[in-house]
Structure formats: C-alpha cells, structure tokens
Amino acid sequence: MRRHPADVWKFGGASLADGGAIQRAARRIAAHDGPLVVVASALAGVTDLLLSATGDAARRVERLHRQAANVICGARATRRALDAGIDEAMREYRDLCAAIAVVGHRSPRMEDTLVARGERLSALLLSVAVAEAGRRDVALVDALDLIRTDDRHGGATPLPAETRLQVQKALRPRLATGGVVVVPGYLGRAPDGGLTTLGRGGSDLTATLIGQSLGARTVVLWKDVPGILTADPRLVPDARLIPHLHHREAAEVAHYGAKVLHPRALIPLARTRTTLHVRSFLDPAQPGTEVSGRRALTGFPVKALALLPRQAIITVAGKGMLGVPGIAARTFAAVEHEGLSVSTIFQASSESSIGFTVPEAEAERAVRRLRQAFQTERAQRLIDDITARPGMSVIAVVGDRMAGAPGIAARVFSALAAGGLNVIAIAQGSSERNISFVVPGADAADAMRRVHTAFQLSKIDGGRPQPVAQTDVVLLGLGRVGRELTRQITGAAAGRLRIVGVIDRSACVFDPRGIARARLARIARGKAAGTSLADLGGQPGTAAGALDMMHAHAVSRPVIVDVTNDETAPLLRAAIARGFDVVLANKKPLSGARRDYVALWAEADASGRRLRYEATVGAGLPIIDTFNKLDATGDRVTRIEGCVSGTLMFVLSQVSQGRPFSEAVREAVARGYAEPDPRDDLSGRDAARKGLILARMLGYRGAGPRPDNLVPTAYRRLGLDEFLARLPELDGAWRAKAANAAARDRVWRYVVTASARRVTARLVAVASTDPLGAAAGTRNVVTFRSRRYQQEPLVVSGPGAGAAVTAAGLLNDIHALVGSGEWGVGRGSW
C-alpha cells in the first residue's frame, strides 16, 4: 500500500472564533484525503483574556468554550468529556490567578502556563468537532510531546533535531494509516520539562516545525486574509494578491511587519521541498499565496512593500568617531544588552554617524543605555550626542529579482520625489533583495502608494484584485439616529458599506477591516445607556486626531456621517481635506455663519470631495433631491415653503384636533419625535435652520431668520423637569388658539418660507384644505414654486420625524455617493 505524504494545516484564532467556525474548520479537515496534522491556535481573543489573569477573564474564557461546546457536541458522552476538560483547565487557571494575586507579580514562566490553556482547549474542541464531522481516526496529541525548545519563556527557540525526533516518534505511527492528528500550537517543552511558548507567530512556527520534521508535502496556514498581498490594503487600496513568493522574499516581507507571516515560521522550511500556502478560510476555493523554493513572476523584480510604523531613528554622531575602532560593535552591544530589537541600520561612509531604528516606544531606553555606554566618549567630545527622532516609518521594497536589476533604487526615489516626500535615511542589504528607507510617519501611506504605482504592482502577473472596494463609513456621534443607522448599515440591504469608525467627544473606536456587528451592537447599547466611548473600549483623544489616524490607514472611499448636534464645520473641513466625503444630518455646519458655509463648500470643491445633506431638512424625504432634479432640467425654483419639523407638525396637529398641548408634547418626546428637552424643537430654531439651508440652496446670502418661539419667555430658563411639570399651564392658551383658528376653518402649522431674498420660520394659521393644513402626524410637507410649477406647486410629503426615517435618509445619501457620479450639487450660490 502506497503511503501518502502528510500535510500540515494550521488554523488561526480568527478561523476558530466560535462553535460555528470550529465546525466549518472541522468539516474541511474531515474531507481531507490522506494523513493530516492540524495545529490549532487559541480561540480569537482568548490569549489576551488569559494574560489578564482576573476572575472576569476566567468567566469569559469559560463561557466562550462552553458556548462552542454547545454548538459542536452531539453525543452526550462526548459533551461530558468536553465539560470535564474545560472544568479542569479553568480550575487550574483560577488557581494560578489566585497565586498571582497573592504574590503580586508573575514571571515569564507563569505567563506561559497561564496562556497554555487557550491552545489546549481549542485543540480539544477541534478534535471533538472533527470526530463529530465523521473522522473517527482523529487523535489529540499534546505539543509538549513534540516540540522541544530552549528555556527562554515567552519566546522560546525550538531545538530542531530534538523536535524532529519527537515528532517522528509520536506522529508517524498515527499518520501511517491516513489519520488526523490535532496539536495545540504555540507550546513547547524546555530541557527541564517545563512548558514554554514560542512567542509571536508561535502556532505558525509549530506547523512549519512539524512539516519539516515529517517531510510534509504542504503546510497550509488558514488565515482571515486571501494570502500575502503586494502591500497593506489599508494603506494601498489597489494592493494585489501575490500568487507566489520565494522563501527569501517572504522572509523579507515578514521581517518588515507583514503580520500574515512571521520570519521565524519560515526558518524550518528553508532548503526543504515542503511548500507553504497562505490561504483564506473565508474563501477556501482560492489558492492564496504559495511560498516555496522555486522562482516565479520573473517580470516583476519588486514583489511587495512592507511597512514598520511608529519607529524612531536613533543616531550616534560625532566627528571624533572617525577611525575609532569598535564604535559600531559597542553601539549594538549596548542595544542588545537592553533587549531591544533593531529593524534597520544606517551608517555614513565617513563613519561620523551610526543610525538605526527601533520601535518609538523603546527609543528612550535606547538613548539612555547608549549615553551610559559612551559616557567617556561624550565627555571627551568624540561623540557629540545620541538622539532619538520618533514618528518615523520604515518602508521595505522587496523582491528576489531586484538583485542585478539596474534602476530599481532610482525608480523608488523618483516616485517619492515626484510626490515631494522627504526620505530621512536609506539602507540596502548586500543581497539586493531589499531596499529600506525611512520617512515621516505622516507620509508613509502616500509613499507606499507611490512606490506601489511606480512598479505597477497592481498588475502583478496572476495577482487577483481585492474584492470590490468597500465604502468605509465613519460615524461622528452615536445618538438615536446614529444607532439606528448602524442597524441599517449592518443589515442585509447595506451592500458594500462597512462601519470602520465611531467618534464621540471622548474617544474613537476604529477597525480598518470594519467594526464587527456584535461590537457595534455593544457600543450602541452602551451609548444608549449614557456611557462614553472611552468607557466602552474606545481610544481616548480628539476627533481631529481620530481622523488623522484613520486617514493614515487609507480607508476605502471613506464617508464621514455627522449625526451630532455640534458645531462641526471645522472638523468636517479637515475630514474633506483628508479625502472623506461627507453626509450630514447635523444642520449646524450648513446653517451657521455664512463664511463657514462658504468655506465648507470651497474645501469640498478644492479637494474634489462630495457632500450630501438630504437628512438635514426632511429626514428621509427627497427635498434636496427634488430641487436638484428641477434645477438640473433647467427649471428655476423661486420659493420653497413647508412644514419641515415632524415634531412641530405632530404637536400642532394634535392641538388642532383638541388635544391638550402638554399631552401632545410629552407624547412627542416619548415616541422619540422630539429631543429629550422638547424646547429645542418648540423654540423653532431647528425649523429655522432647515429654512436657512433651503434658502441658501436658492442663493440667499443673508442672515438666518428669527423664528417664532412656542415657549413663553418665562418658561425658557426653567430646568427640564420643572418645565415638563408646568407644561399644563400652557394648555388653556393653546386651547383658545385652536378654537380661534377652527372658527375660521384653519389649523395651526409651523411654516418655513425660503427664497433667494428672504427666509422665515413662523407659526401660521393655514386653511385646513391647504396641503400644509391637510397633513397630520409627523408628516413633512414641502411645496416648490418654480417657472414650471407657478400656478400649482409641486408637493413633497411624507414622514418627517423619527430615528428610522432619518437614518434611512442618511443611508440613501451614502448609497448615492457609492453609486452616483453627480456629487456636491444643490449647494446654491455662494
């Protein structure tokens, strides 16, 4: 009987996020033909929870695994065994947490022991799920019986010879019959028998170590990305999938921050015939990226760009260094002694300076250590100073065919020069497979895009384009309308939209891949309860700072949706300048000072950005859209008049029907038609702002109207509770006003009138047969007078209040930006 070579598959935490995900992985494993070793990472988020070593973490970890067990278990006996395994693991974990609380600190050895439960429980769940999927020849083998390491806890180095011996001894008999073996990733055994972990990329390293030891045909890393890309798609939207990379190219890309791979995971497969594949568990039909010893894509000397952000350049400089032996050796010995990792090294040929980059969070330590090491030289003025320059990014241009290809560096730096980008430092390895350079962090995304374009990496042979570009939505504010909009966007009808950011006064939440629906729901519930984003896990900071951070990620066709009631015009101008289109429900940016209104539109024109604001006037009604269509077809609108406040329509129509004013107002608040303080609506200010927006659309250049205020002067300064308690005092006057109007066959309505010359917002008794008088409930009614509609106006009518219809209007505007080529119309004359 012919023996099939084994394959090794590794499933990351994202592919084992919950019971359903584990089942999908198990079905794929069960369908595999031939012997297979499966390496399992901890469930998504579990490692961080375990490291926190708290009672709450224990409860959450236990709940996650029991919920997964509920999904994957069919047989009662299997569930009992699973429960026993979870019970034992969590009992040990709680004992460790208690010990840490008593001691007050924890060693790297103890941290390794804490996190080991993640991979072990995940492997247990996966092995059971594979058996439930029909593969009864599945076995669970502990990684400590396979992987041998040194004794460095938290980032142990594997011992290849000892590991190979253990892997062959333990696994070959089980695989000889074509079975499946599930192994926890990330873990190993130290010479003293203790448990170690392999550090970042540890489960990938487990898979490649086992693959090397078995002489595996393939090692497949199942990830939440399509493969290795030509660049980070958050920075370079037209990044492409690379179908093939040589081992050396992949190692260079991995070294410079490509989190899909870690260079340590590639070491075991160098000079072997084992092929590594990086594939997407979300789209398993796609081949992903192959990493092997063969060469391909020979027409592309450059294959990929990689980025190390948030770096600092450390410089040791001094004219006295010239010709002094050992300066470089002492420099890096000091850095090594401090336990710092150097990413890139630069040295002037004159030997008057040595520079290198480290993560900016470690810059202060590096400078302090170097100043100590060169204390004598600094006193003698041989070394002038040792400095750190933070806020830098290192970009690596990688390709196996760069060696010997003339003009590569020239093309890189010509592309940067064309964009006016300043290069701080340059390094090129003697292998010529990598040119690295340092730019200010703020320029990194632009630099990546320019170099990517210069080498036409979006056309890389065989590269598959990323899925159809999504439109990234950032919500400014998360009140009632904002929360409803999140629900509508995450619904099935939202299409290619994804919410990547939420900003309030305290903080922002940002995920360039899109904030998960469950997380959005948690944030929305917290905001509804009055909790700030900072207390919901958001990153504290200003809204302007949040926009800068999002802009640096090159969000895809970004749209910022303003659902606040704040003065946000300066912030929106900044967003437009950073490439954001704008959708407004907030009226203040368009109804404030004329200079701010003009500046906002001027910024949009100058930046080529788009601004839509339908929801500022009629919630979900096509009022702005109707004007635009009339204007685009050659008609000239002379006057717009109507009831544009759903709240005031509701209150006044109820009063006209005989209901007490106080009851109508309270019901408007209860139903969410009015603001929590109904005086915001009853003052007429909101309606006046809408009237001014309409008038400016027609070319009006004057000041905003002074609205009729339905709240008597004596009631305007009361506290909210007192105002609501005293509302019935106003019922008599309103009863009389309603009777007086009814005697003339009229009803009370709050009407705005807008033209190029004038704008008003007034309480008016209109005929009950008029379109404005016939409306009721929360309807908005707007009439257009134009050259075509002079004798009889064009009427637009529909619901004008409530979070659902306003959010629908916003969503319609967002979709219009996605699909329409007609942007920024309807702003009127400046």
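Residues numbered from 1 in each chain as written. Predicted model: local features only at pLDDT ≥ 70, side-chain atom pairs only at ≥ 80, totals over all residues. Heavy atoms only, no water.

Trainee: What's the story with the overall build of the chain in this structure? I'm lost.
Mentor: From N to C terminus, the chain includes 30 helices and 28 strands. In terms of principal-axis extent, the alpha carbons of the chain reach across some 100 × 75 × 55 Å. Taken across its 830 residues, the chain has 52% of its residues classed as buried. Considering only contacts in the chain between residues 6 or more positions apart, those separated by 24 or more positions represent 73%. Total accessible area computed for the chain in this model is approximately 35500 Å², and 50% of it derives from carbon and sulfur atoms. (Helix = DSSP H or I, 4+ residues; strand = E, 2+ residues; numbered from the N terminus. Buried < 20%, exposed > 50% of the residue type's maximum accessible area, 1.4 Å probe, protein only. Contact = heavy atoms within 4.5 Å. Areas by Shrake-Rupley, 256 points an atom, 1.4 Å probe, with all protein chains shown as cover.)

Trainee: Sorry if this is basic, but what is going on with the sheet that holds strand β26 (residues 759–767) here?
Mentor: Pairing between sheet strands relies on hydrogen bonds along the backbone, with the strands arranged either parallel or antiparallel. In spatial order, the strands read β26-β25-β24-β27-β28; together these five strands make up an open sheet with antiparallel pairing. Pairing within the sheet leaves two strands with one partner each, and these edge strands are β26 and β28 (794–799). The mean inter-strand angle of the sheet, taken between neighbouring strand axes irrespective of direction, is 25 degrees. Its contacts with the sheet put helix α23 (residues 646–656) on β24 (637–643), β25 (746–754), β26 and β27 (779–786), and the angle it makes with β25 is roughly 160 degrees. On top of the sheet, helix α26 (residues 685–697) reaches β24, β25 and β26; it is set at about 45 degrees to β25, its chief contact. (Pairing = 2+ DSSP bridges. Axes fitted to C-alpha atoms, helices over the stretch in contact; angles between N-to-C directions.)

Trainee: Got a minute to help me understand the packing of aromatic side chains in this structure?
Mentor: Centre distance and the angle of the planes are the two values used to describe a pair of aromatic rings. If you walk through the whole model with that rule in mind, you get eight aromatic pairs. Ring centres of F11 and W222 lie 6.0 Å apart, and the angle between their planes is 10 degrees; on these two criteria the pair is classed as stacked. One end of the pair, F11, is in strand β1 (residues 7–11); the other, W222, is in strand β7 (residues 218–223), with 211 residues separating them in the sequence. Taken individually, F11 and W222 each receive the classification buried, so the pair is uniform in this respect. (Phe/Tyr/Trp six-rings, centres within 6.5 Å; stacked < 30°, edge-to-face > 60°.)

Trainee: What am I meant to see in the nonpolar core here?
Mentor: Generally speaking, nonpolar side chains in soluble globular proteins are found buried as a group. Ranked by internal contacts, the top residues of the largest apolar core, which has 91 residues, are I22, I29, Y93, L126, L171, I210 and L261. Here this core gets 11 residues from one element, more than from any other, and that element is helix α5 (residues 108–132). Apart from the residues lying within four places of it in its own chain, the contact partners of I210 are V8, V37, V39, L146, I147, V167, L171 and V183. Ranked by size, the runner-up nonpolar core spans 76 residues in total, among them I576, F650, M697 and L698. (Core = buried A, V, L, I, M, F, W, Y, C linked by side-chain atoms within 4.5 Å.)

Trainee: Sorry if this is basic, but what is going on with the environment of E641 here?
Mentor: Summarising the element assignment, E641 is placed in strand β24. The exposure class of E641 is partly exposed, given its relative accessible area of 22%. In this structure the C-alpha to C-alpha distance between E641 and T760, which are 119 residues apart in sequence, comes to 9.5 Å. What E641 contacts, discounting residues up to four positions off in sequence, is V751, V752, T753, V781, V782 and T783. In terms of polar contacts, E641 uses its side chain to reach the side chain of T753, at 3.0 Å. (Polar contact = N/O pair within 3.5 Å; in protein donor to acceptor, adjacent residues only side chain to side chain.)

Trainee: What is the right way to read the packing of helix α1 (residues 19–30) against helix α3 (residues 55–72) from this model?
Mentor: Helices that pack against each other are described as a pair by the angle of their axes relative to one another and the distance between those axes. Running from N to C, α1 and α3 point in directions that differ by 50 degrees, and their axes come no closer than 8 Å. Relative to α3, α1 is oriented oblique. Judged by the sense of rotation from one axis to the other, the crossing of α1 with α3 is right-handed. Facing G19, G20, I22 and Q23 of α1, the residues of α3 in contact are A68, V71 and I72. For the contact of α1 with α3, the residue count by class is four nonpolar, three polar and no charged. (Parallel < 35°, antiparallel > 145°, perpendicular 65-115°, else oblique. Left-handed = near helix turned anticlockwise from the far one by under 90°. Nonpolar A, V, L, I, M, F, W, Y, C, P; charged D, E, K, R; others polar.)

Trainee: Looking at this structure, I do not really get the environment of L485. What am I missing?
Mentor: Among the secondary structure elements, L485 is positioned in helix α15 (residues 480–489). For L485, a relative accessible area of 0% corresponds to the buried category. Expressed as a C-alpha distance, the spacing of L485 and G620, which sit 135 residues apart in the sequence, is 12 Å. Non-local contacts of L485, meaning those with residues more than four positions away in its chain, are made with L475, V561, A807, L810, L811 and I814.

Trainee: When you look at α1 in this model, what are you seeing that I'm missing?
Mentor: Because an α-helix completes one turn every 3.6 residues, residues spaced three or four positions apart along the sequence face the same direction. For α1, with 12 residues, the first-to-last C-alpha span of 16 Å sits near the 16 Å given by 1.5 Å per residue. G19, A21, I22, A25, A26, I29 and A30 are the residues of α1 that are buried. If you follow the buried residues of α1, they end up packed against β1, β2 (36–40), α3, α5 and β4 (180–184). (Expected span 1.5 Å × (residues − 1).)

Trainee: I'm lost on the packing of α3 against α5 in this one. Help?
Mentor: Remark: α3 packs on α5, axes separated minimally by 10 Å, with the N-to-C direction vectors making an angle of 5 degrees. Compared by their axis directions, α3 and α5 come out roughly parallel. Contacts from H65, A68, A69 and I72 in α3 reach L121, L125, A129 and E132 in α5. Partitioning the contact of α3 with α5 into residue classes produces six nonpolar, one polar and one charged.

Trainee: Please clarify how the pattern of salt bridges should be interpreted in this entry.
Mentor: Side-chain pairs of opposite charge can arise where the charged atoms are in close proximity. Evaluated as defined, the whole model comprises 40 salt bridges. With a closest N to O distance of 3.9 Å, R368 and E364 form a salt bridge. In this pair, R368 and E364 both sit in helix α11 (residues 363–373), four residues apart, roughly one turn of the helix. The exposure class assigned to R368 is partly exposed, which follows from its relative accessible area of 41%. A salt bridge links R450 to D446, with the shortest nitrogen-to-oxygen separation between them at 3.1 Å. Of the two residues, R450 and D446 are both situated in helix α14 (residues 444–454); the distance of four residues between them amounts to about one turn of the helix. Residue classification places R450 among the partly exposed positions, given a relative accessible area of 31%. (Salt bridge = Lys/Arg side-chain N within 4 Å of Asp/Glu carboxyl O.)

Trainee: I would appreciate a short explanation of the side chain of T357 in the present structure.
Mentor: Mapped onto the elements of the fold, T357 is located in strand β13 (residues 353–359). With a relative accessible area of 0%, T357 lands in the buried category. Reaching out from T357, the side chain makes a polar contact with the side chain of S343 at a distance of 2.4 Å.

Trainee: Where do I start with the pairing of strand β17 (residues 471–476) in this structure?
Mentor: For a regular strand, the rule is simple: side chains alternate between the two faces of the sheet. Buried residues dominate β17, accounting for six of its six residues. A two-sided burial pattern is seen for β17, the buried positions comprising T471, V473 and L475 on one face and D472, V474 and L476 on the other. In the sheet, β17 pairs with strand β18 (residues 497–503) via six bridges, with the strands oriented parallel. Bridge assignment links V474 to a residue of β18, and that residue is G501. As paired elements, β17 and strand β21 (residues 559–562) share four bridges and run parallel to each other. Bridge assignment links V473 to a residue of β21, and that residue is V559.

Trainee: It is not clear to me how the sheet that holds strand β19 (residues 507–510) should be interpreted in this structure. Could you clarify?
Mentor: Pairing within the open sheet is mixed, and its seven strands lie in the order β20-β19-β18-β17-β21-β22-β23. The open sheet has two edge strands with one neighbour each: β20 (539–540) and β23 (611–612). Pairing between β18 and β19: three bridges, direction antiparallel. Residue I503 lies in a different strand from β19, and its bridge partner there is C508. Along the sheet, α15 makes contact with β17, β18 and β21, crossing β17 at roughly 160 degrees.

Trainee: Would you take a moment to explain helix α18 (residues 569–577) for this structure?
Mentor: For α18, the set of buried residues is A569, L571, L572, A575 and I576. Buried residues of α18 fall within an arc of 160 degrees about the axis and therefore sit on the same side. G579 sits one or two residues past α18 and shows a positive phi near 95 degrees. (Arc of directions from axis to C-beta.)

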